Amino acid sequence: MGLKEQQSCPSQRKISVLIVLAFIPIALFRLCFNNPFSSIDVTTLQNSTPQVVITSYSSSSTQEEESLCDYTKGRWVRDEMGPLYNGSSCGTIKDGQNCLRHGRPDSGYLYWKWKPNQCDIPRFDANRFLDLMRDKHLAFVGDSMARNQLESLICLLSTVSSPDLVYSNEDNRFRRWRFESHNVTVSVYWSPFLVAGLEKSGTLDHNVLHLDRVDERWGKDLERFDTVVLSGGHWFLHPAVYYESGSVLGCHSCGARNCTEIGFFDVFRKAIRTTLKAVTGGRRDVILTTFSPSHFEGRPWDNLYACNMTEPYEEGKVLEGLDLEMQRIEMEEVTAAKATVEGEVGFEALDVTAISVLRPDGHPGPYMYEFPFKNGVPERVHNDCLHWCLPGPVDTWNEIMIEMLRRWRV
């Protein structure tokens, strides 16, 4: 490059800089009077934080509302606040689930909360729940898992309003409470198959199920329910003979009986379908709580080390086998039943299976009985690795349920 060309370069650079400086005031003027962000509503930004939204179905809508949060995907995280009640403050807890009172030495299982990936589930608000259910009747129908969830709810509500037990049969399988403060009725109906059936007993070594009609012990009161919460599944694993339209359909674990073995998965589906068909209609809300997993982990029920964990599983634990299949059947049947719903009512599955499979620490284990090791450590001990300690993980089910009810009452 020659000397003359080198001398001309600074002059060109000065001209370029002057041109850029000249355009800056123009750009600032346009930015002030034509703000590209001026169309964003500040209120929208303030209200855009994630929230729990449980998808509900309404026949008045052209399509299902889009769920903003899938509460089934997440993790259990530490919660230093702990439970809202304890085994002493709530008298409704069944002895077999009152783990701390029975001498369980660790309390860490009480200090976890479920954290969905996309949002937060609010802490249970008993006043809010009673307001949502004011002047209404909520009924839990099903097996001992229905009772487990029911007793959790009664304990949670008792923190702000004392319930009156207005009815109970001799074995506490059918009970009814009244919360006079809000004119709320909460009931539980023992019905392990949901459909009509006869439970095995000392003179009968198998169950008998009639798959084409619901259990009249709760069916006769159906019109009194404003919201019904259904659950079941574990009793279908026992030996049984199945009837449909008055004829033997088949059996499960038939043994020497002259009957065709058909297993229980298809039978469970038929029972859920019959039940959902019966509760569909009218102006009642319907919730089906999905299959609750046990944590015997392949060990015998009297093994000393069955469900002896003290912390949740990590996120990597996935549904499989029995738990996955039972949940899949329930979710499919709820989806199919929604298509027949008429009127502005809630109809949804409360999917707790994947959440609960991560909580092997939440069961009574040997503390289903009072101080099981007071006379030393036996070689064998009875364990409950199916039901949940109260307080415990089952309280989360009701935290999710209140969000479903909130959506339906809007």
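The coordinates are above.
Anyway, here's the lowdown on the structure attached to this text. (Residues numbered from 1 in each chain as written. Predicted model: local features only at pLDDT ≥ 70, side-chain atom pairs only at ≥ 80, totals over all residues. Heavy atoms only, no water.)

1. Topic: the sheet that holds strand 11 (residues 247-252)
So, step 1. Across the sheet, which stays open at both edges, the four strands sit in the order 7-8-10-11 with mixed pairing between neighbours. Here the strands that pair on one side only, and so sit at the sheet edges, are strand 7 (195-198) and strand 11. Across this sheet, the average inter-strand angle for adjacent strands is 25 degrees, counted without regard to direction.
So, step 2. Here four bridges tie strand 8 (residues 207-214) to strand 10 (residues 240-244), and the two strands are oriented parallel to one another. Residue pairing across strands places His210 opposite Tyr243, the latter belonging to strand 10.
So, step 3. Where helix 6 (residues 265-279) meets the sheet, it contacts strand 7, strand 8, strand 10 and strand 11, and its direction lies at approximately 40 degrees from that of strand 8. (Pairing = 2+ DSSP bridges. Helix = DSSP H or I, 4+ residues; strand = E, 2+ residues; numbered from the N terminus. Axes fitted to C-alpha atoms, helices over the stretch in contact; angles between N-to-C directions. Contact = heavy atoms within 4.5 Å.)

2. Considerations on the pairing of strand 3 (residues 137-142)
So, step 1. The buried count for strand 3 comes to six of six residues, which makes it a mostly enclosed element.
So, step 2. Both faces of strand 3 are covered, namely the face carrying His137, Ala139 and Val141 and the face carrying Leu138, Phe140 and Gly142.
So, step 3. Examined bridge by bridge, strand 3 and strand 6 (residues 184-190) share six bridges and lie parallel to one another. Paired with Phe140 across the bridge in strand 6 is Val188.
So, step 4. Sheet analysis places strand 3 next to strand 9 (residues 227-231), joined by five bridges and oriented parallel. Bridge pairing links Gly142 to Ser231 in strand 9. (Buried < 20%, exposed > 50% of the residue type's maximum accessible area, 1.4 Å probe, protein only.)

3. Here's the deal with helix 9 (residues 394-409)
So, step 1. In a regular helix each residue adds 1.5 Å, so 16 residues correspond to 22 Å; helix 9 covers 23 Å between its end C-alpha atoms and thus fits that length.
So, step 2. Among the 16 residues in helix 9, 14 count as buried, and that is most of the element. (Expected span 1.5 Å × (residues − 1).)

4. Remarks on the packing of aromatic side chains
So, step 1. Scanning the entire structure with this criterion turns up 11 aromatic pairs.
So, step 2. Between Phe174 and Tyr189 the ring centres are 6.2 Å apart and the planes differ by 85 degrees, which places this aromatic pair in the edge-to-face class. Pair noted here: Phe174 is in strand 5 (residues 174-179) and Tyr189 is in strand 6, with a separation of 15 residues, a long-range link.
So, step 3. The class for Tyr189 is buried, based on a relative accessible area of 4%.
So, step 4. For the ring pair Trp388 and Trp397, a centre distance of 6.5 Å and an interplane angle of 75 degrees mean the geometry is edge-to-face. Just as Trp388 is buried, Trp397 falls in that class too.
So, step 5. Sitting above the plane of the Trp190 ring, Arg173 keeps its charged end 4.2 Å from the centroid. (Phe/Tyr/Trp six-rings, centres within 6.5 Å; stacked < 30°, edge-to-face > 60°. Lys NZ or Arg CZ within 6 Å of the ring centre and 35° of its normal.)

5. Details of the nonpolar core
So, step 1. Ranked by size, the top nonpolar core spans 47 residues in total, and within it Phe129, Phe140, Leu350 and Met401 carry the most contacts.
So, step 2. Listing elements by their share of this core, those giving two or more residues are strand 2 (112-116), helix 3 (126-132), strand 3, helix 4 (144-157), strand 5, strand 6 and helix 9.
So, step 3. Broken down by element, the residue count for this core peaks at eight residues, all from helix 9.
So, step 4. When sequence neighbours within four positions are dropped, the list of residues in contact with Phe140 reads Ala146, Gln149, Leu150, Leu153, Val186, Ser187, Val188, Tyr189, Val229 and Met401.
So, step 5. If you look at the next biggest cluster of nonpolar residues, it comprises 38 residues, including Trp218, Phe225, Ile272 and Ile329. (Core = buried A, V, L, I, M, F, W, Y, C linked by side-chain atoms within 4.5 Å.)

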